[in-house]
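Coordinates in review
In case you want the letters, here they are:
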Amino acid sequence: ETSLDLKRRIARVRQNNADVMISFGGLINHELAQNYTDAKALMSAYESVVDRYSVNAIDLDLENEGLTDVTAGKIRAQAIAALQKKRKKESKPLAVWVTLPVSTDGLTSDGVNAVDLLLDEDVELAGVNGMTMNFGGTRKSELSMGKNAIHALKKLHAQLKKIYQRQKILLSDKKVWSKIGATPMIGQNDLSNEVFTLADAKELNQFAQKNGLGRLSIWSANRDRASTKSSVHTNI
């Protein structure tokens with residue numbers, strides 16, 4: 001926290017009439033649930049971060065073992081559900097997003113399972129954020145990266161609608177779109193033949209606006225313009 005100067009940065013964002021969302025997990029990190037065996041203790045860990053930064057929304061970025069570890073997934077779901085219920089009683093509702101990898105075929109089976117685990121434990125999901133990047137062998141080479149991202153989101157939409165149907169929750173197409181987010185990797189992706197351009201960004205943004213996506217993000221801010229001496233981790 002000290003090296004990143006988080007409190008000052010968050011205060012600056014809020015001074016500009018915006019807000020922040022805390023994300024747990026990520027590609028090279030261990031999501032909190034991987035370090036706990038008790039849901040109550042895990043809930044307290046999440047709560048300590050939420051309270052410290054006074055946030056009303058969090059994101060669970062599930063990748064690698066953070067995604068495939070079913071035991072951790074169940075404990076995570078129990079902890080998050082308990083935290084949501086506690087905060088609702090305190091009139092401080094907590095929005096929860098889950099960020100998951102997608103191909104142009106949508107979520108992987110592990111991704112579908114991760115959403116199921118959360119809903120099975122009564123987590124109220126604000127939505128599912130698809131990492132529309134690094135499509136690899138599923139990328140349709142005749143289409144732009146923007147169109148590949150849109151294709152992935154359409155598949156995710158169909159999957160999420162079915163997931164909620166299994167929970168006996170019937171959502172309209174419009175409501176499902178509001179529970180979907182997209183995060184492309186702007187510029188050069190990890191694969192040499194995948195470059196997300198400004199034209200792709202315009203194409204994806206128009207699709208998001210037209211369909212009412214609940215969230216549109218980028219990875220990452222320091223790819224967007226030349227970094228300054230105050231930028232953090234400018235080598236990413």
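Structure report, in brief. (Residues numbered from 1 in each chain as written. Predicted model: local features only at pLDDT ≥ 70, side-chain atom pairs only at ≥ 80, totals over all residues. Heavy atoms only, no water.)

1. Some thoughts on the packing of helix α6 (residues 145-166) against helix α8 (residues 198-211)
- The N-to-C vectors of α6 and α8 enclose an angle of 30 degrees; their axes lie 7 Å apart at closest approach. On the basis of their axis angle, the class for α6 and α8 is roughly parallel. With respect to the hand of their crossing, α6 and α8 are arranged in right-handed fashion. Residue-level inspection shows M145, G146, K147, A149, I150, L153 and K154 of α6 in contact with α8, the latter providing D200, E203, L204 and F207. (Axes fitted to C-alpha atoms, helices over the stretch in contact; angles between N-to-C directions. Helix = DSSP H or I, 4+ residues; strand = E, 2+ residues; numbered from the N terminus. Parallel < 35°, antiparallel > 145°, perpendicular 65-115°, else oblique. Left-handed = near helix turned anticlockwise from the far one by under 90°. Contact = heavy atoms within 4.5 Å.)

2. Re the environment of S91
- Mapped onto the elements, S91 comes out in the loop between α4 (70-89) and β3 (95-103).
- S91 sits 86 residues away from D5 along the chain, and the two C-alpha atoms are 29 Å apart.

3. Description of the pairing of strand β1 (residues 22-25)
- As paired elements, β1 and strand β2 (residues 57-61) share four bridges and run parallel to each other. Opposite S23, over in β2, you have D59 as the bridge partner.
- In the classification by handedness, the crossover that spans β1, the intervening helix α2 (residues 39-53) and the parallel β2 is right-handed. (Pairing = 2+ DSSP bridges. Right-handed = clockwise from strand over helix to strand, strands pointing away.)

Read these as geometric descriptors, not functional statements.
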